[in-house]
Amino acid sequence: MIYNVYHKTAFEYQSNVTFSHNLARLKPKVTSYQKLLAFTMEVSPTPFESFEYLDMFGNTNTHMLIREPHQSLSVIGKSTVEVLPDIIDEHVNSIKTNSTTYGDALKRLSKFNMNDLYAKQYLFESELIPYGSLKIKEYALMSFQENRDVFEAANEFMTRIFNDFEFLSGFSDITTPVEQIFEAKKGVCQDFAQFAISALRTIGLPTKYMSGYIETLPAEGQKKLFGTDASHAWFAVYIPNAGWMEFDPTNNIIPREQHILLGSGRDYNDISPLKGVVFSSGNSNLSVMVDVRKEELISEKTIAQEESQIKIITTQEQNQSQSQ
Amino acid sequence: MQIFDSYVSESSFDEVYDDADNIRECWKNIVNNIENAGLELLEEKQKEIDWHLEDNGVTYNIYNDNDRPANRRWGLDPIPFVIAEDEWKTITKGLQQRAKLLNLIFKDLYSEQKLIKENIVPAEVIFGHKGFSTEVFNFGYKENFNLYFCAVDIARGPDGKMWVISDKTQAPSGLAYTIENRLTMNVISNDLYPDVSIKRLSSFVEDYKDMLKHLAGGDMSTAALLTPGPHNETYFEHAYLSSFLEINMVQGQDLLTKNGSLWLKSLSGLKKINTLLRRVDDRFCDPLELRNDSRLGVAGLIESMRENNLNMANPIGSAVMENIGLNPFMNKIAQYFLKEDLILPQIATWWCGQKKELDYVIANISTLIIKKIDRTEHIDIYFGKKLSPSEQENLIRLLKLYPHQYVAQEEVSFSTVPYYEDGKVEPRNAVIRTFSLRKNDDYTVMNGGLVRMSASKDNLLVSSNGGISKDLWILGDDSSNINPTHTLKYTPYAETSIDKVSTLKAENLFWLGRYLSRSIATTRLILHVIKKITNFYRYEVVTSKESQRIIQNALTHMTMTYPGFMDTTNQKNLDVFPMVEITSVIKDKRSGSLALTMDMLSNTNINLKDFMTLESWKLFEKVQKEWYEFISRKADSTIIVATELDKFLIYLMAYKQLVYESVFREQGFILYEIGFQIEDALLLISKAKSMLCIKLDKSVGHDVLEGMLNSLESFNAYRAHYRSSLALDTVLEFLVLNKQFPKSITYIADNLLKEFKLLPKAKKELTSYEKAIIQAQLLLESMDLKILLKTKEEDGVYLELDKILSQLSDLFLECSNEFSNTYFSHYDE
């Protein structure tokens, strides 16, 4: 499955910015089940200089300095990604076979094991995701009994979030506390991912934040409009003896051929697509536009045409929340 | 023996007396000296110490409830902590070993992580500690990624050995206090301890300079000390160290990054910095990659390290070693890296992340001290024996929930030393801060240290927040050669040329001028308005009501506290109770108010702390204190308000004089002058627009003209100059066009053009800020008052005059903006 992903992030500033440092993370991660066939990044205004490096989580970071007076900054990542569902199937089967019980998993994690070492950095509180309260812990433990298989339990846990929580955009943003999401039982994909991560870390399982995209299809018979997709977020839990297993609680599915991974980390802060430090007075607005589609459906030319039609929509969409 | 007769220690180890109550060899001289001197001399020496410390401005800022820092004086005991030469040799070896180990751990954690992979240190102790910076992942491979300077706190345990209490690795403080303590002790020790010879500190400071010089590639002007700024609790130390080490002291706002390098902004342009001595904590250093709410760092700092263009002492990431979770594994680490046992023992420590240890801790919780391994955000310490059963239960629940985050330590009683207070000598617990420095791939240890004591006799905890300190004396002759130029001497750091003045300082000087001018002008105008109100019935002339209104409106215009007196919806109230609005313009924190101007003035004053003399500091502190008392009071009578403002005005004038005496031309005094004059011109024009452009009948006009001159403190000057009664055309001539009167717009414009030529970026061709003033000059020259004041009866306003004044105001503002862009922004360099 080959996808073309278009991801545009733009800052609009109230007053002129003369000097800004920015960090972009828009280059999709290469994994055993995902190939990056092509990637370009377009930045306007043109950076004075830029540096690229891999961070500890394996994500590509691009540091850009902009030194000409500007009132808006736009960064567009265009990637062509091949997702390999066969390999994912193999991986999932292997996980199912090797998965252990929750009790055994905790026992093994409490000891030294070479294979588990790097999973352990996802075991702790992070800037955006604190450990959950006793209530959250109890909610998680309803699926994770000592003798229960971790894969089975996590799968059920995902389904329970899907059933118990209502998808509602506009209720939350990236900083809404996990406890509040749990109390209200509503939110969007990033809230469900963060809630799941907090709950699973609280019960002692390493869990990481997965950021990327999901292919959406228009209603039957309708043409898909350009730029109507959004970023997506889900989680991956570490099962000792088996490996990392991904779950998408927003859609109640195990990611297979519709999910495209951008990057992963302890939470959103490790992989936010664009952040910057500017010297300016006044506020800034952020707008995001994402388009994901299978390769055969679109050519470069139509992107340019449709982009100009869609302008009005994007200027109205000015918050950072990922609303898929 | 008298003084020490009442000295009885209950601790299991006392520094002075051994178990048989005999004085230990190394203390004999000191105790004899003190007994010979007697309590009176000891008290006298204590007073001498206090005076020296205060005179040198040694402070430690403590934040009080109002978030305003209160400078706390530093305390030093006249009795030193004494250690014999032989024992110190062993301790030195132990400290060198520990520094070496900490460096090996540091480099390994940010490169191969063998300690984790080979099960020497549990991964949880590292990944669960917020000091572990993923951002500098793999930096451990870099040659310059080392622990250059560290502090280790030690104290003597019950077995008589020195134990390690904790390690300070990211930006250890205390060195400057140690040096100042020693310099102060030198003053009294000739009288008090004439026959005691001790090791000196100067070679350590020389080593420190050499290390920085080596890192900077030989040129110390490319090194800088990064301070969080004057609000920081140890700012005194930063200023002091930058002086001793002979490097620039800078704040985040002084710097920017480009070309993957760090640059210092100065009046003459950008200068590359390749070595940073860092006193800002790890997470606050780079708002791009680390905490984005921090204003103490520089965006792109980590990138400069990544590109190998910056040395940092210590590098970001070093906070991970301020980690008591490492303690239980230190011996294993020493074996792993050095095949040695730890020389200095540590307090027995159990990491709760292991089942056996956790069980032990829970079973013995009443006798243990429980701490979090991570102190980057909070310092949580629980004394098991002080907890109630339910508190113990809660703590145990926490330990079971997050075992990785906790350690337990044995409660240990440390040794006592004699301490002088209130006419007697008492035993107190003490902790010693030692300092180690990287030198030729090894570490050198300072022959001295900072001793801190518990606040009271019964208190076992030694606080790190200032308090009482002691000097640490290592007995013995100093074998190091003393180079007379290498003696320790503190001279406040001073800029040597205007080219080198940092942009931040320059900008603050400019704004100091503007805010000081604004505070003075605002105070004067308000005072005049108040006097107008209180004298309303004095002269039996009813017409003054109209002039009062005009002057009140001028106040609103000048301070831009709109709607102010022009609030048409509230006109009745404003007429009957003008003091309500006036008090609000003085005391409320609203845009343009005197209170807000005063806040901004305080801010610029603090940022220029190292430029100002002690006198101006003392004055400003007094002004601030009385000012805040005044503005937080409610319902002052009109007379009281006027009296307070009178006093405040005199303070401001005195401060103005002290600024004039404090700041040298080389430090950029001219920037202050330029700021002051631009503000003066802008405020004068504003007042002229509201008071001199309205056509008034004679008696009202006289009142207003008098007000205009009085608010500039220029009435006498005018009379001396014109010897005539007040007339609009002569007042205008005086304040706007006069070439001799220093407050006139024309004089200011001429003077600014002269001063601009003295600045580093003065050019042969005209700069944009010069152009604005030249245009103003042309405009002023073209003014013909006879024509401007000819106006048709029904207009009521001198429209042409008003128009020209507006244009002048715009030109001075443009000058100010262009000036800021040229000297303070640097974006296009």
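In this text, all values refer to a predicted model and were calculated from it rather than measured experimentally.

Q: What should I look at first to understand the overall build of chain B in this one?
A: If you tally the helices and strands in chain B, you get 26 helices and 22 strands. With respect to the three principal axes, the spread of C-alpha positions in chain B is 105 × 60 × 60 Å. Taking all 829 residues of chain B together, 46% fall into the buried category. A separation of at least 24 residues holds for 73% of the contacts in chain B among residues at least 6 apart in sequence.

Q: When you look at the packing of helix H12 (residues 503–534) of chain B against helix H15 (residues 578–587) of chain B in this model, what are you seeing that I'm missing?
A: The geometry of a pair of packed helices is captured by two quantities: the angle between their axes and the separation between those axes. Residue and element names in this part refer to chain B. Two elements in contact, H12 and H15, have axes separated by 11 Å at closest approach and are oriented at 160°. Between H12 and H15, the angle falls in the class roughly antiparallel. Crossing hand, H12 versus H15: left-handed. Facing Ile 526, Val 529, Ile 530 and Ile 533 of H12, the residues of H15 in contact are Pro 578, Met 579, Ile 582, Val 585 and Ile 586. Split by residue class, the contact of H12 with H15 holds nine nonpolar, no polar and no charged.

Q: How should I be thinking about the environment of Lys 803 of chain B in this particular structure?
A: Residues and elements named next belong to chain B. Here Lys 803 is to be found in helix H26 (residues 799–825). Classification of Lys 803 as exposed rests on a count of 12 C-beta atoms within 10 Å. Between the alpha carbons of Lys 803 and Trp 473 there is a distance of 75 Å; along the sequence they are 330 residues apart.

Q: It is not clear to me how the confidence of the model for chain A should be interpreted in this structure. Could you clarify?
A: Close inspection of predicted coordinates is inappropriate for parts of the model with low pLDDT. Predicted confidence across chain A gives a mean pLDDT of 89, with 90% of residues reaching 70 or more. When the criterion is pLDDT under 50, residues 301–324 of chain A qualifies, and its contacts beyond four places in sequence or with other chains add up to 40 contacts.

Q: Would you mind going over the interface of chain A and chain B with me for this structure?
A: Across the boundary between the two partners, chain A contributes 23 residues, which contact 24 residues of chain B. Every element with two or more residues in the side of chain A that touches chain B is listed here: strand E2 (20–24), strand E4 (49–54), strand E5 (60–66) and strand E13 (274–278) of chain A. It is E4 of chain A that contributes the most residues to the side of chain A that touches chain B, three residues altogether. The residue inventory of the side of chain A that touches chain B, partitioned by class, reads 13 nonpolar, five polar and five charged.

Q: I tried to follow the domain arrangement of chain B on my own but got confused; where do I start?
A: Residues and elements named next belong to chain B. By domain assignment, chain B separates into domain 1 (59–347 + 412–486) and domain 2 (498–825). One C-alpha centre belongs to domain 1, the other to domain 2, and the line joining them spans 49 Å. Of the residues lining the interface, 11 residues belong to domain 1; the matching set on domain 2 comes to 15 residues. Per element, the largest residue contribution to the side of domain 1 that touches domain 2 is three residues, and it comes from strand E10 (residues 261–266).

Q: Which parts of the structure should I look at to understand the sheet that holds strand E12 (residues 275–278) of chain B?
A: Neighbouring strands of a sheet are bound in pairs by backbone hydrogen bonds; such pairs are parallel or else antiparallel. Residues and elements named next belong to chain B. With respect to topology, four strands assemble into an open sheet ordered E8-E7-E12-E13, the strand pairing being parallel. Two strands in the sheet have a free side with no partner beyond their single neighbour: strand E8 (248–250) and strand E13 (311–313). Pairs of neighbouring strands in the sheet enclose a mean axial angle of 30°, with direction left out of account. Strand direction decides the pairing type here: strand E7 (residues 223–226) and E8, joined by three bridges, are parallel. Counted as the bridge partner of Leu 226 is Val 250 from E8. Where helix H6 (residues 202–215) meets the sheet, it contacts E7, E12 and E13, and its direction lies at approximately 140° from that of E12. The sheet strands contacting helix H7 (residues 235–244) are E7 and E8, and the helix crosses E8 at an angle near 150°.

Q: So what exactly am I meant to see when it comes to the sheet that holds strand E6 (residues 70–83) of chain A here?
A: All names here are of chain A. The strand order E3-E6-E1-E14 describes an open sheet built from four strands, whose pairing is antiparallel. Each of the sheet's edge strands pairs with one partner strand only, and the pair in question is strand E3 (34–44) and strand E14 (284–294). Here the strands of the sheet are splayed against their neighbours by 10° on average, with no regard to which way each runs. In this sheet, E6 lies alongside strand E1 (residues 2–17) in antiparallel orientation, the contact comprising 12 bridges. If you follow Lys 8 over to E6, its bridge partner there is Ile 76.

Cut-off values and rules
- Each chain carries its own residue numbering, running from 1 in the direction its sequence is written.
- Written order decides the labels, with chains lettered from A and ligands numbered from 1.
- Predicted model: local features are reported for residues with pLDDT of at least 70 only, side-chain atom pairs are reported and counted for 80 or more only, and whole-chain, interface and lining totals are derived from all residues.
- Helical segments are the DSSP runs of H or I of at least four residues, strand segments are the runs of E of at least two, and each set is numbered from the N terminus.
- Residue burial is a threshold on neighbouring C-beta atoms within 10 Å of the residue's own C-beta, all placed from the backbone, with 20 or more meaning buried, 12 or fewer meaning exposed, and counts in between meaning partly exposed.
- Working definition of a contact: two residues with C-beta atoms, positioned from the backbone, lying within 7 Å.
- For every element, the axis is a line fit to its C-alpha atoms; helices are fit only across the contacting stretch, and the angle between N-to-C directions ranges from 0 to 180 degrees.
- Note on terminology: angles under 35 degrees are roughly parallel, angles over 145 are roughly antiparallel, angles of 65 to 115 are roughly perpendicular, and the others are oblique.
- Note on convention: near helix rotated counterclockwise from far helix by under a right angle means a left-handed crossing. Clockwise means right-handed.
- All amino acids are sorted into three groups, where Ala, Val, Leu, Ile, Met, Phe, Trp, Tyr, Cys and Pro are nonpolar, Asp, Glu, Lys and Arg are charged, and the leftover types, Gly among them, are polar.
- pLDDT is a residue-level measure of predictor confidence that goes from 0 to 100.
- Where each domain begins and ends follows an automated or database-derived domain assignment.
- The pairing criterion is simple: DSSP has to find at least two bridges between the two strands.

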